[in-house]
Amino acid sequence: MKASVDPNLCIGCTQCTGICPEVFSMDGTLAVAIPGEIPPEDVPQAVNAAQACPVGAIQTDA
Ligand code: SF4
């Protein structure tokens, strides 16, 4: 699975980075996801983070 953050939607709340710091980090005021495949052990938390995003800025694909 891969994840990406839509910079036009992200409001910089840091929620995703708190839930899944293995995948999401802050780049200035916006969150960014690691490029490429998410390690399998981090996928569940990455999905949780995507679902927790208050503005739906995180896209995932399998
Ligand atoms: S949870 Fe959503 S809005 Fe908040 S920092 Fe992450 S991507 Fe941005």
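The structure contained in this document is the topic of the report that follows. This is a predicted model, so every value here is computed, not measured.

Thresholds applied
- Residues numbered from 1 in each chain as written.
- Predicted model: local features only at pLDDT ≥ 70, side-chain atom pairs only at ≥ 80, totals over all residues.
- Heavy atoms only, no water.
- Helix = DSSP H or I, 4+ residues; strand = E, 2+ residues; numbered from the N terminus.
- Rg over C-alpha atoms; globule rule 2.2 N^0.38 Å.
- Buried < 20%, exposed > 50% of the residue type's maximum accessible area, 1.4 Å probe, protein only.
- Contact = heavy atoms within 4.5 Å.
- Patch = residues over 30% accessible without salt bridge, like charges linked within 9 Å, V, L, I, M, F, W, Y side chains within 5 Å.
- Areas by Shrake-Rupley, 256 points an atom, 1.4 Å probe, with all protein chains shown as cover.
- Salt bridge = Lys/Arg side-chain N within 4 Å of Asp/Glu carboxyl O.
- Near = heavy atom within 4 Å.
- Nonpolar A, V, L, I, M, F, W, Y, C, P; charged D, E, K, R; others polar.
- Pairing = 2+ DSSP bridges.

### Some details on the overall build of the chain
Along its length, the chain carries two helices and four strands. For the chain, the succession of helices and strands along the chain, N to C, is β-α-β-β-α-β. Expected size for 62 residues packed as a compact globule is a radius of gyration near 11 Å; at 10 Å, the chain falls within 12% of this value. If one aligns the C-alpha atoms of the chain with their principal axes, the spans along those axes are about 25 × 20 × 20 Å. Split into buried and exposed, the 62 residues of the chain put 29% on the buried side. Counting contacts in the chain only where the partners sit at least 6 residues apart, residues at least 24 apart contribute 64% of the total.

### Here's the deal with a nonpolar patch on the surface
A surface patch of nonpolar side chains, amounting to about 250 Å² of accessible area, comprises Leu 9, Ile 11 and Val 55. Along the chain, Val 55 falls in the loop between α2 (43-52) and β4 (58-61).

### What about unusual backbone geometry?
Positive phi values are uncommon outside glycine, yet Thr 14 reaches one of about 70°. Residue classification places Thr 14 among the partly exposed positions, given a relative accessible area of 39%.

### Topic: the site of the ligand
Every one of the 13 residues lining the ligand counts as a neighbour, but Cys 10, Cys 13, Thr 14, Cys 16 and Cys 53 are closest to it. Tallied by class, residues from the shell around the ligand come to 10 nonpolar, three polar and no charged.

### Notes on the environment of Gly 28
One can find Gly 28 in the loop between β2 (24-27) and β3 (30-33). Along the sequence, Gly 28 and Ala 57 sit 29 residues apart, while their C-alpha atoms lie 16 Å from each other.

### Examining the pairing of β2
Put simply, side chains in a regular strand alternate between the two faces of the sheet. Sheet topology places β2 next to β3; four bridges connect them, and they run antiparallel. By the bridge assignment, Ser 25 is partnered in β3 with Val 32. Joining the antiparallel neighbours β2 and β3 is a turn of two residues, in which Gly 28 adopts a positive phi near 70°.

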